[in-house]
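Survey of secondary and tertiary structure
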Amino acid sequence: MASFKATLGFRPQRPSVYNNFLPYKDKLDEESNKFLSEIKYSLGRAVVFKEISPGILYWSNRLANFIKLYGRKFSKEDHLHFIHIFFELVTAPNLDPQYVIAFGHVLILLLKKKKLISRDDLVLPWRPLLDLVDFTFYSKFEVHGLKKHPLKLEETVKHVLYMSRVYFSDDSTQEMLDEWRPLLCPFDVKFAKAMFYFSLFLPTTLPSEKFDKGYKYVELLRIHNLFVPDITFLSAHHLLKEYFIAGKRRAQLNSTQPFNVSLLVVPLYIP
């Protein structure tokens, strides 16, 4: 990384290691730097002038090509700026679904390597994504046949949410519960909608020291005996994470005490 910093002028996030085997590898730093500078200038200019097509659309595709060719060969600051730009683009109100798919694809590429960006470096709001989910899955125009979404839109929106919810704030879980708790009536048709929201938005990969801010809803659902597929998945995800963390701690303490299997059985109501 020190050699990269000397030649590029910054420390890259994660460049492609396979480019080192190319016969012209000595020229790649200059080539990638020129390509990246062109993308940053042109993409920023297109965003300032609100030129969705062909400006932002074209240069977002060029950024995706850059990542495929050179890896994430940009600084951490540039990485964060790219994430913020494409998050704002994806969650822009009344954006054409084709653009949501295109910009969402780039955002997924930027958020894919979670080890490069920590929760301390990036915090994403969840409410703009809620508006995007309502636009995608609960559009009143699509119900009446006035608008037809592309097939890839739902898949892209879900993937964006799975990548983004890692970076929700610590208080986001409580905010979601306050927002959707009134919908938790099993005799109301909105109950399924609330469960769908929970399955998409609730963060299930919080650090172990922040479990109390992310997994209290599991206890709530156990008390109310809510056995539905979405919540079963969330409970299993949470419990498996607890299982691996407990196993790691036992390995560190050299403990021979067996793991309590009831932690997996009782919440899922397995006999």
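Please read these numbers as outputs of a predicted model, since none were measured by experiment.

With that out of the way, let us pick up the overall build of the chain. Helix and strand content of the chain: 13 helices and two strands. Taking all 271 residues of the chain together, the buried fraction comes to 41%. Contacts in the chain between residues far apart in sequence, at least 24 positions, make up 73% of those at least 6 positions apart. A total accessible area of about 16000 Å² is found for the chain, and carbon and sulfur atoms account for 57% of it.

Residue position: Phe 137 is located in helix H6 (residues 127-137). Between the C-alpha atom of Phe 137 and that of Glu 154, which follows or precedes it by 17 residues, the distance is 7.3 Å. If sequence neighbours within four positions are ignored, Phe 137 has contacts with Glu 154, Val 157, Lys 158 and Phe 196.

Taken N-terminus to C-terminus, the directions of helix H8 (residues 151-164) and helix H10 (residues 190-201) make an angle of 55°; their axes are 8 Å apart at the nearest point. Accordingly, the angle class assigned to the pair H8 and H10 is oblique. Across the interface between the two elements, Lys 158, Leu 161 and Tyr 162 of H8 pack against Phe 196, Ser 199, Leu 200 and Phe 201 of H10. Here the residues of the contact of H8 with H10 sort into five nonpolar, one polar and one charged.

Here H10 spans 16 Å end to end across 12 residues, near enough to the 16 Å set by a 1.5 Å rise per residue. Across the 12 residues of H10, nine count as buried, placing the element largely inside the fold. Turning to H10, its buried residues number three or more, namely Phe 191, Ala 194, Met 195, Phe 196, Tyr 197, Phe 198, Ser 199, Leu 200 and Phe 201.

So, about the nonpolar core. Ranked by size, the top nonpolar core spans 64 residues in total, and within it Phe 86, Val 133 and Phe 201 carry the most contacts. For this core, the element with the most residues is helix H5 (residues 97-111), which contributes 10 residues. Counting only domains with at least three residues in this core, you end up with domain 1 (1-168) and domain 2 (171-243). Look past the residues within four positions of Phe 86 in its chain and what remains in contact with it is Leu 43, Ser 60, Leu 63, Phe 103, Val 106, Leu 107 and Leu 110.

We now examine the confidence of the model for the chain. For the chain, per-residue confidence averages 76 on the pLDDT scale, and residues scoring 70 or more make up 71% of the total. Contacts for the low-pLDDT stretch residues 222-229, under 50 throughout, to residues beyond four places or in other chains number 12 contacts. Note on residues 238-271: pLDDT under 50 across the span, and 34 contacts to partners over four residues away in sequence or across chains.

The next point concerns unusual backbone geometry. A cis amide bond links Ser 53 with the next residue in sequence, Pro 54, at an omega value of 5°. The backbone phi angle of Lys 50 is positive, close to 55°, even though this residue is not glycine. Relative to the assigned elements, Lys 50 resides in the loop between helix H2 (28-48) and helix H3 (52-70). Here Lys 50 falls in the exposed class, since its relative accessible area comes to 71%. If you check the backbone angles, Asn 94 has positive phi at about 60° while not being a glycine. Position of Asn 94 among the secondary structure elements: in the loop between helix H4 (76-90) and H5.

To continue, consider the packing of aromatic side chains. What the rule picks out here adds up to 17 aromatic pairs. The interplanar angle of 75° and the centroid separation of 6.3 Å between the aromatic rings of Trp 126 and Phe 201 together place this pair among those described as edge-to-face. One end of the pair, Trp 126, is in the loop between H5 and H6; the other, Phe 201, is in helix H10, and 75 residues separate them in sequence. By relative accessible area, which is 4% here, Trp 126 ends up buried. Taking the relative accessible area as the measure of exposure, Phe 201 reaches 0% and is therefore buried. Measuring from centroid to centroid gives 6.2 Å for Tyr 138 and Phe 196, while their planes differ by 75°, and the two rings are edge-to-face.

So, how was this worked out
- Residues numbered from 1 in each chain as written.
- Predicted model: local features only at pLDDT ≥ 70, side-chain atom pairs only at ≥ 80, totals over all residues.
- Heavy atoms only, no water.
- Helix = DSSP H or I, 4+ residues; strand = E, 2+ residues; numbered from the N terminus.
- Buried < 20%, exposed > 50% of the residue type's maximum accessible area, 1.4 Å probe, protein only.
- Contact = heavy atoms within 4.5 Å.
- Areas by Shrake-Rupley, 256 points an atom, 1.4 Å probe, with all protein chains shown as cover.
- Axes fitted to C-alpha atoms, helices over the stretch in contact; angles between N-to-C directions.
- Parallel < 35°, antiparallel > 145°, perpendicular 65-115°, else oblique.
- Nonpolar A, V, L, I, M, F, W, Y, C, P; charged D, E, K, R; others polar.
- Expected span 1.5 Å × (residues − 1).
- Core = buried A, V, L, I, M, F, W, Y, C linked by side-chain atoms within 4.5 Å.
- Domains from an automatic or database assignment.
- pLDDT = per-residue confidence, 0-100.
- Phe/Tyr/Trp six-rings, centres within 6.5 Å; stacked < 30°, edge-to-face > 60°.

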